[in-house]
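Coordinate analysis (summary)
Here is what each chain is made of, one letter per residue.
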Amino acid sequence: MSCKSKVQNATANVEGDFQKPNIVVIYLDDLGYGDLSCYGATELHTPNIDALATGGVKFTNGYATSATCTPSRYALLTGMYPWKNKDAKILPGDAPLLIDVQQQTLPKLLSKAGYQTGIIGKWHLGLGSGDVNWNETIKPSPNEVGFDVSYILAATQDRVPTVYIENGNVVNLDKNDPIEVNYKKNFEGEPTAISNPEMQTMTWHHGHNNSIVNGIPRIGYMKGGEAAKWSDVDMADHFLVKAQNYVKTHKEKPFFLYYAMQQPHVPRTPHPRFVGKSGMGPRGDVILEADWCIGEFMKTLEAEGVLENTLIVFSSDNGPVLNDGYYDDAVEKLGNHDPKGGLRGGKYSLFEAGTRVPFITYWKNHIKPNVSDALVCQIDLLASLGSLVGVEDKTTDSENILNALLGEAEKGRGHLIIEANSNTALRSGDWIMIPPYKGSPMNKKVGTETGVSLQYQLFNLKEDLGQETNLAKSNPEKLEDMVQIFERLKQ
Ligand code: NG6
Ligand code: CA
């Protein structure tokens, strides 16, 4: 048999050099660099994610492109810098699909190599082309940009519509109770957190005062769809079972599964069996819940006989935030835990904690356990995983850093442009340069620094992880160097 036909005939259960591994991207929402015990947390214990880190490569310089969800997810799936697309900002739940159906995507690329592709979990990249009718099959959806199957929540857990959507169809929709969604105005007579605060079981702090679903006030107004509404406390279990079933029903041929978990984004709604487990309130509890789900998911890979033929990439879409709009004790019960892991800033910030996130690759008996300081970014999965399965693509901003991702090279990317709230900064080698921007240095509602300043900022991250000393004035040569690279890359 030729090499090529060996590849074509490879199945997940056949041993051999040419076997294509299954690929699973496990992606958390707002998990910080310091939120896992394998990244130094002492107050939270995440044994299942730790097992991936100790059995795989744990990256210390792993990045999302952006400090918020939509742009990071856009980069992950398209390999394109989100700042090149003016619409790649936090999207409302009724936004049109952000990815052009003609655009290259990671699932499309893997499909070319014979992969089955699926997404389960949070989408937040828009749906339809403007005026979505939630009561008919929604198109375009993930299924039009490369996923064979999709089972998603449209935007975020705190945004309407609060329903699951499977292959473009709202799950459990009763045609006699159609869903309507509006992000500008309420539907007549429908309760909101303002008109009916007594209906709340969770209280909003900022934003989040529109429709109330399951006692939780949300962003956006929704009417109807009663039977289709999800149960927040069961969401983690629900997605887990879907992910497990995906593995069970697709294991005969190579698959790519994007398992996009909703934790620890707000509203934090741990299943009752995790309530109180962290001693840190719901934020800690849902991190433990996510860790448990990952452990169960790994058990399924093993039980189905595909563990040794599955490459796992674990990461988060942006850095941590405590108060993101609800009173949920995240600040009050934090204790000695540092979600930022010693970094400066947080979600929404150009400082490191906005974009530097846990980043782990695991492939049993293929990846040698290691800790890597290589500069790696989620934007590079497209070119790198393409290279792994033999499909080259040079049409995007994604770089082939496969060797670094597999722990076989010490160097990853040379440069990376990170983004927060449409402002960009350059990471290059050990250095980061943040150009001057207008705007507030503090995001007062969430209580974190934005990283924005009217002065140039330059930090040596190797010597100054916490970005305490701005070297822009004392090292003008380095600054000039960084500004030139930045300007060249931004063109
Ligand atoms: C913000 C929300 C925040 C969160 C965020 C998106 C308010 C005041 N804040 O607009 O709660 O939903 O959007 O988070 O509404 S992300 O992780 O999906 O980017
Ligand atoms: Ca997020």
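Everything below is about the structure shown above.
Report on the accompanying structure. (Residues numbered from 1 in each chain as written. Chains lettered and ligands numbered in written order. Predicted model: local features only at pLDDT ≥ 70, side-chain atom pairs only at ≥ 80, totals over all residues. Heavy atoms only, no water.)

This next bit is on the site of ligand 1. Inspection of the region around ligand 1 gives 20 residues, with Cys 69, Asp 158, Arg 159, Asp 324 and Lys 347 positioned closest. Note that an oxygen atom of ligand 1 is positioned 3.0 Å from one of the side-chain N or O atoms of His 208. Bound to the protein, ligand 1 loses 86% of the 450 Å² it would expose on its own. For the shell around ligand 1, the residue count by class is five nonpolar, eight polar and seven charged. (Near = heavy atom within 4 Å. Polar contact = N/O pair within 3.5 Å; in protein donor to acceptor, adjacent residues only side chain to side chain. Areas by Shrake-Rupley, 256 points an atom, 1.4 Å probe, with all protein chains shown as cover. Nonpolar A, V, L, I, M, F, W, Y, C, P; charged D, E, K, R; others polar.)

Turning our attention to the packing of helix H2 (residues 47-55) against helix H6 (residues 282-303). The interhelical angle for the contact between H2 and H6, taken along N-to-C directions, is 60°, at an axis separation of 7 Å. The angle between the axes of H2 and H6 places the two elements in the oblique class. Each of Pro 47, Asn 48, Ile 49 and Leu 52 in H2 lies in contact with H6, whose residues at this interface are Asp 291, Trp 292, Ile 294, Gly 295 and Met 298. Partitioning the contact of H2 with H6 into residue classes produces six nonpolar, two polar and one charged. (Axes fitted to C-alpha atoms, helices over the stretch in contact; angles between N-to-C directions. Helix = DSSP H or I, 4+ residues; strand = E, 2+ residues; numbered from the N terminus. Parallel < 35°, antiparallel > 145°, perpendicular 65-115°, else oblique. Contact = heavy atoms within 4.5 Å.)

Attention shifts here to unusual backbone geometry. A cis geometry characterises the amide bond from Val 160 onward to Pro 161, with omega recorded as 0°. For Pro 161, the position within the fold is in the loop between strand E4 (149-153) and strand E5 (164-166). With omega at -10°, the peptide bond leading from Gln 263 into Pro 264 counts as cis. With respect to the secondary-structure elements, Pro 264 resides in the loop between strand E12 (255-260) and H6. You will see that His 208, though not glycine, has its phi angle at about 55°, which is positive. Looking at the secondary structure, you find His 208 in the loop between strand E8 (203-204) and strand E9 (212-213).

That's the geometry; what it means functionally is another story.
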